[in-house]
Amino acid sequence: MTDKLFILSLGRQGGSVIYGTAIINRIKAPKEVWSSAFSIAEKPSEATVVKTYNGVLQFLIASFTRLLPMLLKCRHGLKANRYSVFYTPYFHYWNLPFILLFKWYGKQVVITVHDGIPHSGEGKFLEKWLNMACIKRADDIIFLTAFVRNAVKAASNFSGKAHVIPHGPITPEGLLSTNRKFPAKARLLFLGRLGYYKGIDLLINAVKKIEHPAYDGLTIAGKRQKRLPIRFNDSRIKLIDKWHADAEIAELVNTHDILVLPYREATQSGVVTIGISASIPMVCTKTGGLHEQLTDDEAIFVNPEPDDIHKGIQKLLESPDLYEKISQRLVEKRKQLSWESITNKIEKIITQPFSG
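Residues numbered from 1 in each chain as written. Predicted model: local features only at pLDDT ≥ 70, side-chain atom pairs only at ≥ 80, totals over all residues. Heavy atoms only, no water.

**Student:** How would you sum up the side chain of Ser 269? Please name residues and give values.
**Tutor:** For Ser 269, the location among the structural elements is in the loop between strand S11 (258-261) and helix H9 (270-278). For Ser 269, the side chain forms a polar contact with the main-chain nitrogen of Val 271, separated by 3.1 Å. Excluding residues within four positions of it along the chain, Ser 269 makes contact with Leu 261, Tyr 263, Leu 290 and Gln 293. (Helix = DSSP H or I, 4+ residues; strand = E, 2+ residues; numbered from the N terminus. Polar contact = N/O pair within 3.5 Å; in protein donor to acceptor, adjacent residues only side chain to side chain. Contact = heavy atoms within 4.5 Å.)

**Student:** Tell me about the sheet that holds strand S7 (residues 161-164), and please be specific about residues and values.
**Tutor:** Spatially, seven strands are ordered S3-S2-S1-S4-S5-S6-S7 in an open sheet, and the strand pairing comes out parallel. At either end of the open sheet lies a strand with only one pairing partner, and these are strand S3 (48-50) and S7. Neighbouring strand axes in the sheet, compared pairwise and without regard to direction, differ in orientation by 20° on average. Pairing between strand S1 (residues 4-9) and strand S2 (residues 31-36): five bridges, direction parallel. Its bridge partner being in S2, Leu 8 is matched across the sheet by Trp 34. Strands S1, strand S4 (83-88), strand S5 (108-113), strand S6 (140-143) and S7 of the sheet are contacted by helix H13 (residues 339-350), whose axis makes an angle of about 150° with S5. (Pairing = 2+ DSSP bridges. Axes fitted to C-alpha atoms, helices over the stretch in contact; angles between N-to-C directions.)

**Student:** Any chance you could break down the sheet that holds strand S9 (residues 215-222) for me, citing the residues and the numbers?
**Tutor:** If you trace the six strands from one edge of the open sheet to the other, you get S10-S9-S8-S11-S12-S13, paired in parallel fashion. Of all strands in the sheet, those bounded by a partner on one side alone are strand S10 (237-241) and strand S13 (300-302). The mean angle between the axes of side-by-side strands here comes to 20°, regardless of whether they run parallel or antiparallel. Contacting strand S8 (186-191), S11 and strand S12 (282-285), H9 runs over the sheet at an angle of about 165° to S11.

**Student:** Break down the packing of helix H7 (residues 200-207) against helix H11 (residues 306-317) for me, with residues and values.
**Tutor:** The axes of two packed helices give the description: the angle between them and the distance between them. It is the contact of H7 with H11, at a shortest axis distance of 8 Å, that shows an interaxial angle of 60°. The angle between the axes of H7 and H11 places the two elements in the oblique class. For the element pair H7 and H11, the recorded crossing hand is right-handed. Contact with H7, carried on its side by Leu 202, Leu 203, Asn 205, Ala 206 and Val 207, involves Pro 306, Ile 309, His 310 and Ile 313 of H11 and no other residues of that element. Here the contact of H7 with H11 is composed, by residue class, of seven nonpolar, two polar and no charged. (Parallel < 35°, antiparallel > 145°, perpendicular 65-115°, else oblique. Left-handed = near helix turned anticlockwise from the far one by under 90°. Nonpolar A, V, L, I, M, F, W, Y, C, P; charged D, E, K, R; others polar.)

**Student:** Break down helix H3 (residues 67-79) for me, citing the residues and quoting the values.
**Tutor:** Between its terminal C-alpha atoms H3 stretches 18 Å, which fits the 18 Å expected from 13 residues at 1.5 Å a residue. Here H3 has its buried residues at Leu 67, Met 70, Leu 71, Cys 74, Gly 77 and Leu 78. Down the axis, H3 shows its buried residues gathered within 115° of arc, on one side only. Away from the buried face of H3 by more than 90 degrees, exposed residues His 76 and Lys 79 are located. Structurally, H3 contributes buried residues whose contacts are with S1, S2, S3, helix H2 (56-65), S4 and helix H4 (95-104). Looking one or two residues beyond H3, the residue adopting positive phi is Asn 81, at roughly 60°. (Expected span 1.5 Å × (residues − 1). Buried < 20%, exposed > 50% of the residue type's maximum accessible area, 1.4 Å probe, protein only. Arc of directions from axis to C-beta.)

**Student:** Outline the confidence of the model for the chain, listing residues and values.
**Tutor:** On average, residues of the chain carry a pLDDT of 91, and 97% of them reach 70 or more. Ranking the helices and strands of the chain by mean pLDDT puts S11 first, with 98, and helix H6 (residues 146-156) last, with 88. (pLDDT = per-residue confidence, 0-100.)

**Student:** Could you give an account of the layout of surface pockets, naming the residues involved and the relevant values?
**Tutor:** There is about 300 Å³ of room inside the second largest pocket. For the lining of the second largest pocket, the leading source of residues is helix H1 (residues 15-24), giving three residues. Taken together, the residues of the lining of the second largest pocket break down into six nonpolar, three polar and four charged. (1 Å grid on protein atoms, 1.4 Å probe; cavity = no way out; pocket = protein on both sides within 12 Å on 5 of 7 lines; lining within 4 Å. Points joined across faces, edges and corners; volume = space filled by probe spheres on them.)

Laid out in structure tokens, this is it:
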């Protein structure tokens, strides 16, 4: 290893940026980190803040005016032999040119892949193409679940070394982490980006059928994507259509009793890791990599259908003992997960001897 790791973390918001900061801050090897000035999520400590873009129009302009100077500055560091490895903890639209630059200089390229393939209804052709281009050029690829590794392998036939290292627990400041007691009135929560594949309509249709006296309503909290239609005529359902800051996420989870993930598709979920941190019982669909994050005795697993989601919620509402047992198991699971151990595994990969 010559000198420093070069780490790119240019995202502005969302769980991937939170994941990246958690990893970067725990990497002990000498590093140089570039982070976006427009990030509303916590930036890595000691990062070099660079201007990227804040919106589609700025993206188009900045890709010609700001990206090139950044690449030239990075090239100067490579020519001076200042960097040994390129690492990025998540996808970003500007990752590929940096990867190509490091490959040109014969340096190791390591990336973490969260989803790999866009979900149904997202239609992100450019993102899919760029993501696959990055994957095909990486020397080492870190996946969060075996499900994503297998899906990407089938789609791209990449040649880099594949590693599966799970997502760590996301714990927004102010989140309560003690085990929970069964509530007299249970409030349901959906948390996260509102896309078609998230199954919001399935959840709305499921809760319409709930007549149990312990049910006290559903909150749907997240930013709606592409004018996704969310229709309901139920005073027990509340929609909060916005991006939520960490403190708001903590408040939502603290004040609700059951977390529901009615996804049609899932690779893995940062929301699950928040649920684990909060010890909040969850109802999850049997899809994608969710079963790699939680076992059958740590959540209620159901099919992605309104009737089955309804039955899963009812099961928790009718079983105080089961509710409290699941919460206690999540307390124990949280103790087993550690950002330090996850980062140590990643650091071994990005500091290993590389022959090119």
